[in-house]
Amino acid sequence: MRKNCLVIIRLCLVIVFAGILSYTSWSQKQKFKAIAFYTTTVERDHVNFARDVLHFFSYISAKDHFSIDSTTQWENMTDDYLKNYQLVIWVNEFPHNEVQRNAFRKYMEHGGAWLGFHVSGYNDKETQWPWFVDFLGGAVFHNNNWPPLRAKLIVDDRNHPVTKHVPASFISPINEWYQWKPSPRLNKDVHVLVSLDSSNYPLGKKDIIRDGDLPVVWTNTKYKMLYMNMGHGDLVMSDSTQNRMIEDAVLWLGERKK
Ligand code: ZN
């Protein structure tokens, strides 16, 4: 009887050690860890995009060997929490209080990486976060088209890791496009990767973007960051060309060294 017990204990130990070993080799294979913050308490089109892009992240994380967590708890935006991740993603929301904002700023100023979609870059007089406006390259929300529409986009730099797999121009699925004033392109530290083509103007019916510069994807080269205008509705993730650009953006940011 005692001998049987010992055999069972030994078997259990073998199973536990095998589990630890396989977990260790799994975690070593992960190139980086990303965390996506999103919310479900905003307009339906913004929540739908969050659902779709999180599903996409889950799919590419297995293929590209990184790990992705997601949370609607913005109070997790603390030093202790963020230090576990090489990439922070904001899906259609941004932090509203000082504690979360300061933790994010510290994270970015110490080599963290950020990818923001659509509303994540939104700011106006009410936002009261000048550091974030600088971080975006000076972009302040100016106007948008309504209803959401497809648009022809022009790739400004096809040699960049984020845009190397997309053609010189492509039609982006239905989205609400944000225009910025001043345009972040005027900032010498900003590198614009994709812009809205002027052939789209006038864009919209109820709200019309009539003319002017409209950068869609850009990075402020002082940080490891990238902003993408896309993020409105359940068709944004329906285009494989654009999805490839989003995948390359995640990999570029997640794998960049400090
Ligand atoms: Zn929107």
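My aim in this report is to walk through the structure given alongside it, one point at a time. Treat the numbers as computed from the prediction; the structure is a model and nothing was measured.

Some thoughts on the overall build of the protein
The helix and strand inventory of the protein stands at 6 helices and 11 strands. Judged by the C-alpha coordinates and their principal axes, the protein covers about 85 × 40 × 35 Å. On the protein, roughly 13,100 Å² of surface is accessible, and the fraction owed to carbon and sulfur atoms is 54%. In the protein, 30 positive and 27 negative side-chain charges are present, and the distance between their average locations comes to 9 Å.

Observations concerning the coordination of the zinc ion
A metal bound by six donors in octahedral fashion has ideal angles of 90 or 180 degrees, whereas one bound by four tetrahedral donors has an ideal angle of 109.5 degrees. In the first shell of the zinc ion, the protein supplies H46 (NE2), H118 (NE2), E176 (OE) and H232 (ND1), at 2.0 to 2.1 Å from the metal. If you list the donors of the zinc ion from N- to C-terminus, the spacing comes out as H-x71-H-x57-E-x55-H. Taken as a pair, H46 in helix 2 (residues 44-64) and H118 in the loop between strand 4 (113-117) and helix 5 (130-135) lie far apart in primary sequence, 72 residues in all. Summarising the burial analysis for this pair, H46 and H118 share the class buried.

Focus on the side chain of E247
The topology assignment puts E247 in helix 6 (residues 240-255). Polar side-chain contacts of E247 include one of 2.6 Å to the side chain of K63. Every residue in contact with E247, bar those within four places of it in the chain, is listed here: F56, I60, K63 and D64.

With respect to the sheet that holds strand 9 (residues 190-196)
Through backbone hydrogen bonds, the strands of a sheet pair up, either in parallel or in antiparallel fashion. Pairing in this open sheet of 9 strands is mixed, and the strands run 2-1-3-4-11-10-9-6-7 from one edge to the other. Of all the strands in the sheet, just strand 2 (67-71) and strand 7 (169-175) have a single pairing partner and so form its edges. Along the sheet, successive strands turn relative to each other by an average axial angle of 20°, direction set aside. Sitting on the sheet, helix 6 is in contact with strand 3 (87-91), strand 4, strand 6 (149-155), strand 7, strand 9, strand 10 (215-220) and strand 11 (224-228), with an inclination near 160° to strand 11.

Description of the packing of aromatic side chains
This model, assessed by the stated rule, comprises 31 aromatic pairs. With a centroid separation of 6.3 Å and 65° between ring planes, the pair formed by F104 and W114 is classed as edge-to-face. A residue pair is termed long-range when its members are at least 10 positions apart, and F104 in helix 4 (residues 98-109) and W114 in strand 4 qualify at 10 residues. W114 carries the same exposure label as F104, and that label is buried. A residue is classified by how much of its surface remains accessible, and W114, at 0% relative accessible area, is buried. Three or more aromatic residues joined by ring pairs make a cluster, and in this case those are F37, W74, Y81, Y85, W90, F104, W114, W129, W131, F132, F135 and Y223.

What counts as what
- Residues numbered from 1 in each chain as written.
- Predicted model: local features only at pLDDT ≥ 70, side-chain atom pairs only at ≥ 80, totals over all residues.
- Heavy atoms only, no water.
- Helix = DSSP H or I, 4+ residues; strand = E, 2+ residues; numbered from the N terminus.
- Areas by Shrake-Rupley, 256 points an atom, 1.4 Å probe, with all protein chains shown as cover.
- Lys, Arg positive; Asp, Glu negative; His and termini not counted.
- Charge placed at Lys NZ, Arg CZ, Asp CG, Glu CD.
- Donors = N, O, S within 2.8 Å, 3.2 Å for Na, K, Ca; no water.
- Buried < 20%, exposed > 50% of the residue type's maximum accessible area, 1.4 Å probe, protein only.
- Polar contact = N/O pair within 3.5 Å; in protein donor to acceptor, adjacent residues only side chain to side chain.
- Contact = heavy atoms within 4.5 Å.
- Pairing = 2+ DSSP bridges.
- Axes fitted to C-alpha atoms, helices over the stretch in contact; angles between N-to-C directions.
- Phe/Tyr/Trp six-rings, centres within 6.5 Å; stacked < 30°, edge-to-face > 60°.

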